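Next come the chains, spelled out residue by residue.
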Amino acid sequence: MCQSIGDFTRGVVAVCAGLGTISCGLLYYGQNYLIYPSAFPPESRTEVPKPDMYGLPYEDVELKTEDGVLLRCYLLKQRKDVNHAYALHIPVDDGISNDEFAATRPTVLMFHGNGGNLGHRIPLAHVFYTAMRCNVFMLSYRGYGRSEGTPSEPGLSIDAQTALNYVLANQVLRATPLILYGQSLGGAVAIHLASQNASKIRALILENTFTALPRVIPHAVPILSPFTFLCHQKWDSASKLPLIPREMPILMLSGERDEVVPPQHMKELWEIASRRQGSMVDGRGRNGGVRVESGGQSGDLNPEVGNGRSRFVKFPNGSHNDTFMQTDYWRAVVEFVTSVCA
């Protein structure tokens, strides 16, 4: 009888151990499907909105990466006349061409979050294009939208570098001030790219991004907390941010009700950026003299921090996916873009 119970117990332990091993294996090798849900919302791989659906002129751009992956992206190049009620009016000499005008305007490289496709971010590109009169390059990561390949940290890093190389080689855009705009995962992509190409980037705009991806798992997917150590997609922005020169202005936009990435991540990134830039966090809502805004309150500017232009802006009602809809979000972006391109 005792031997039977012992045999049964050993069998249960063996089965549990086997299931545990299988589960760990599935999590380790299948995590990319969780981290990069490129097929969500449904039909995101096949139904990709185009800028002309929003009245925006654009070019389809196909890029081939160094590892042979085809990326299908959008380029919104400025024109002298933009027919939109809220378009920023810029006096233009009748004698210059559209390309010559576009060469005088900033260029924004957009890096979206981990869900959906680039077409879902066209309303954001619309604001950059009309309200700020920026050229906009919208990257479609590998495995997203109509781009080929499978997403991964090394792959998306290559994609971002490929997009930057394209802009720097473009005869119209190559001399324009380059601003990287990244939301959530896109913020990590932007930080990585800037850390590798600091001399080529004018400024960074980061929204609701994280210090490192494994640190998000316990909050976003609590049931997987015990398996955080298996996450091989690191996106360690906390270690890359110090590689960006202190002179580069950074605008950080944080939704205080972010239910996916705890707002503490943005605060920690801001503290890292401030230490990198020679300032200290004094714990009183003023970050080394850097302008920190929440509900209209702001501190003084420190000319040593991003040439006096870096800012951390909090939005009390902003959640992970609607911070860009909050009051004064775009005012902060417009002021920042204007200041870094002055």
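Residues numbered from 1 in each chain as written. Predicted model: local features only at pLDDT ≥ 70, side-chain atom pairs only at ≥ 80, totals over all residues. Heavy atoms only, no water.

> Is there a simple way to think about the packing of aromatic side chains in this case?
Two aromatic rings, taken as a pair, are described by how far apart their centres are and by the angle between their planes. Overall, the coordinates contain eight aromatic pairs when judged by the stated rule. The interplanar angle of 85 degrees and the centroid separation of 5.4 Å between the aromatic rings of phenylalanine 128 and tryptophan 330 together place this pair among those described as edge-to-face. Separated by 202 residues along the polypeptide, phenylalanine 128 in helix α3 (residues 122-130) and tryptophan 330 in helix α9 (residues 329-340) bring together distant segments of the chain. Aromatic side chains tyrosine 141 and tyrosine 144 sit 5.6 Å apart centroid to centroid with 80 degrees between the ring planes, which places their arrangement in the edge-to-face category. The class of tyrosine 141 is buried, set by a relative accessible area of 0%. (Phe/Tyr/Trp six-rings, centres within 6.5 Å; stacked < 30°, edge-to-face > 60°. Helix = DSSP H or I, 4+ residues; strand = E, 2+ residues; numbered from the N terminus. Buried < 20%, exposed > 50% of the residue type's maximum accessible area, 1.4 Å probe, protein only.)

> Could you clarify how one ought to interpret α9 in this entry?
One turn of an α-helix holds 3.6 residues; hence residues three or four places apart share an orientation. When the terminal C-alpha atoms of α9 are compared, their 17 Å separation across twelve residues agrees well with the 16 Å that a helix rising 1.5 Å per residue should span. What α9 keeps buried is the set Tyr329, Trp330, Ala332, Val333, Phe336, Val337 and Val340. Around the axis of α9, the buried residues are gathered within 155 degrees of arc, so they sit on the same side. (Expected span 1.5 Å × (residues − 1). Arc of directions from axis to C-beta.)

> It is not clear to me how unusual backbone geometry should be interpreted in this structure. Could you clarify?
With the exception of glycine, the majority of residues adopt a negative phi angle, and the majority of peptide bonds are in the trans configuration. Cis geometry is found at the peptide bond from phenylalanine 40 to proline 41, where omega equals -5 degrees. With respect to the helices and strands, proline 41 occurs in the loop between α1 (2-35) and β1 (59-64). Although it is not a glycine, arginine 133 sits at a positive phi angle of roughly 55 degrees. One can find arginine 133 in the loop between α3 and β4 (135-138). Classification of arginine 133 as buried rests on a relative accessible area of 3%. In this structure, serine 184 is a non-glycine residue whose phi angle is positive, near 55 degrees. Looking at the secondary structure, you find serine 184 in the loop between β5 (178-183) and α5 (185-196). Given a relative accessible area of 11%, serine 184 falls into the buried group.

> Can you walk me through the nonpolar core in this structure?
One recurring pattern in soluble globular proteins is that nonpolar side chains are buried together. Counting residues in each nonpolar core, the largest one holds 54 residues, and the members touching the most others are Phe111, Phe137, Leu180, Leu204, Trp235, Leu241 and Met252. In terms of residues, this core owes the most to one element, α5, which gives seven residues. (Core = buried A, V, L, I, M, F, W, Y, C linked by side-chain atoms within 4.5 Å.)

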